[in-house]
Amino acid sequence: MSTSSLPASDHPDLTARLRDALLGASFTADGLLELLGAPAYAALARSETVPALRATRGDTPLETLVRLFLLQQPVPHARVADVLPVAACLESGWLVRVGTDAEGDLAATVDVRPYGGPGGEDWFIVSDLGCAVGGAGGIGGRGPQADTGVVLGVGGASTTLAGVTVRTPVAAALDLGTGSGIQALHAVQHATRVTATDLNPRALHMTALTLALSGAPAADLREGSLFEPVRDDETFDLIVSNPPFVISPGPRLTYRDGGMGGDDLCRSLVQGAGERLNEGGFAQFLANWQHVEGEDWQDRLRSWVPRGCDAWIVQREAQDVTQYAELWLRDAGDHRGDPAEYQTRYDAWLDEFEARKVKAVGFGWITLRRTGAAVPSVTVEEWPHPVEQPLGDAVRAHFERLDYLRAHDDAALLAAHFKLAPEILQEQIGLPGAEDPEHVVLRQNRGMRRATTVDTVGAGFAGVCDGSLSAGRILDAIAQLVGEDPVALRDRTPAQIRLLVEQGFIEPA
């Protein structure tokens, strides 16, 4: 799929005029929500456009732009001319004429999706027609005929990665497999230099358009697979990737199928990141991984972590192979095509999993941090519960807590002062009328929203942590209250304190 049909990316004056026109018509994330209403706005994420079409039957500038750029409907020349510099947009390739009439309908050549930045910025994501909503099987009926080089717009995976990424000022960032440039757009806000790579030249062109139309600094765009475009002597403070992680029976759609067997692409990406990171630098990925018969999936992921890196790997979901195949067959629109062809494709997916002895596929995020610690920390966990996005600060805090715990042995922990983290609640669970609860649960209302069961000592300890007393002094007071030997309590409690710190229930004062 070539770039010849795309708007020119080297017309900064026109791009600035186009951006001004979009903003002037309130073609923004907030403007869309106000125009469409929450139900129609949410329906777009499910590939359903009828509610949005019904909500844009008027002739306001905003309705014109939504139908033109987001819903890909032909719009009368006169209506577009009231909003956009039509002649320049036609010349540069943002618009094309429908039919031969010079004053007839106009159509967009690309999707343009308003996207709100974390600081309230008004950004625009440029992608292929029919791919701002619903994936390759979305509007326009691309379905099984979707070109292998199609470039998608904003989706759940891209926003998830953007939300979990650590956002601190850095000198150099790398976005591997940039697609329509969403991660690069975030990165240029806090990185002095951003390099974005993609195997698909069409994706690099889309990224350039996304950055320019969003009024963002340019990135260094390089064509190639994974780390191939990166020089041997280049290292980074941040590496992000929403790679083509789908475990499929063969490469078909560039944006999702990596072309390697099983989960080898994700493994290669993770293993190759360690040597590209500066000390203290983060690498953050979305990934799929196989659950193989006779193998612990957590051990599989631990084996991926490169030397010299701490890791935090979170499995958000696991699907059996039939669910997984159906998900991605629907993503490509195969369910809308010939039933016999759909069955053949479904069989191919199950044949592939059977050959590899795969019983399920996990999805989640992987964070690495380059460390000089003698023994790096590798945490692999399953957490399917709701979390509070954005999680970037929570991810950074996780690794800061690791550093703290590595630097403090049990004696140092007992001498330290702690305070209860914000918005922690205590729940007591037991039979009605019972004198003592069977369980005491501490629950977070922020970040990962964890819950942990503690004993009465742990609950009492957390409850009085306000930074004024050392942990040892608190335990001595608790021992006196409950009639326990203070020395024995000091001996057995540091492990519980360590867990409360590690999971973010208490923090150093």
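Heads up: the structure comes first, above all this text.
### Observations concerning the packing of helix α2 (residues 29–36) against helix α5 (residues 61–70)
Logical step 1: Packing of α2 against α5 leaves a shortest axis separation of 11 Å and a crossing angle of 105 degrees. Comparing their axes, α5 and α2 come out roughly perpendicular. Two secondary-structure elements touch here, α2 through Gly31, Leu32 and Leu35 and α5 through Leu62, Glu63, Val66 and Leu70.

### A look at the layout of surface pockets
Logical step 1: Counted as a void, the second largest pocket has a volume near 530 Å³.
Logical step 2: If you go around the second largest pocket, you meet 26 residues; those closest to its centre are Ala394, Ala397, Arg401, Gly447 and Gly504.
Logical step 3: No other element matches the 7 residues that helix α15 (residues 392–407) contributes to the lining of the second largest pocket.
Logical step 4: Among the residues forming the lining of the second largest pocket, the class breakdown is 13 nonpolar, 5 polar and 8 charged.

### A look at the nonpolar core
Soluble globular proteins tend to bury their nonpolar side chains together.
Logical step 1: Judged by nonpolar contacts, the single largest core of 75 residues is most densely connected at Ile239, Phe285, Ile366 and Leu368.
Logical step 2: At 8 residues, the largest contribution of residues to this core is made by strand β10 (residues 277–292).
Logical step 3: Membership of the second largest hydrophobic core comes to 40 residues, among which are Val75, Val80, Val151 and Ala203.

### Considerations on the side chain of Arg19
Logical step 1: For Arg19, the location among the structural elements is in helix α1 (residues 12–24).
Logical step 2: Within the buried core, Arg19 has no salt-bridge partner, and the shortest N-O distance to an opposite charge, that of Asp20, equals 5.5 Å.
Logical step 3: If we skip the residues at most four places from it in the chain, Arg19 touches Asp122, Phe124, Leu213, Ser214 and Gly215.

### A look at the environment of Val166
Logical step 1: As for its placement among the helices and strands, Val166 is situated in the loop between α8 (156–164) and β6 (170–176).
Logical step 2: Overall, the relative accessible area of 3% leaves Val166 in the buried class.
Logical step 3: With 201 residues separating them along the chain, Val166 and Thr367 place their C-alpha atoms 9.6 Å apart.
Logical step 4: What Val166 contacts, discounting residues up to four positions off in sequence, is His190, Leu238, Phe282, Gln284, Gly392, Val395 and Arg396.

### Focus on the sheet that holds β10
Adjacent strands of a sheet form backbone hydrogen bonds with each other and so pair up, either parallel or antiparallel.
Logical step 1: Strand order in the open sheet formed by 8 strands is β8-β7-β6-β9-β10-β12-β11-β13, with mixed pairing between adjacent strands. Only two strands of the sheet have a single neighbouring strand rather than two, namely β8 (220–223) and β13 (378–382). The sheet shows a mean angle of 20 degrees between the axes of neighbouring strands, direction not considered.
Logical step 2: Of the pairings in the sheet, the one linking strand β9 (residues 236–241) to β10 comprises 5 bridges and is parallel in character. Counted as the bridge partner of Ser241 is Phe285 from β10.
Logical step 3: This element, helix α13 (residues 321–331), spans β10, β11 (309–320) and β12 (358–370) of the sheet and lies at about 90 degrees to β11.

Rules and cut-offs
- Residues numbered from 1 in each chain as written.
- Predicted model: local features only at pLDDT ≥ 70, side-chain atom pairs only at ≥ 80, totals over all residues.
- Heavy atoms only, no water.
- Axes fitted to C-alpha atoms, helices over the stretch in contact; angles between N-to-C directions.
- Helix = DSSP H or I, 4+ residues; strand = E, 2+ residues; numbered from the N terminus.
- Parallel < 35°, antiparallel > 145°, perpendicular 65-115°, else oblique.
- Contact = heavy atoms within 4.5 Å.
- 1 Å grid on protein atoms, 1.4 Å probe; cavity = no way out; pocket = protein on both sides within 12 Å on 5 of 7 lines; lining within 4 Å.
- Points joined across faces, edges and corners; volume = space filled by probe spheres on them.
- Nonpolar A, V, L, I, M, F, W, Y, C, P; charged D, E, K, R; others polar.
- Core = buried A, V, L, I, M, F, W, Y, C linked by side-chain atoms within 4.5 Å.
- Buried < 20%, exposed > 50% of the residue type's maximum accessible area, 1.4 Å probe, protein only.
- Lys, Arg positive; Asp, Glu negative; His and termini not counted.
- Salt bridge = Lys/Arg side-chain N within 4 Å of Asp/Glu carboxyl O.
- Pairing = 2+ DSSP bridges.

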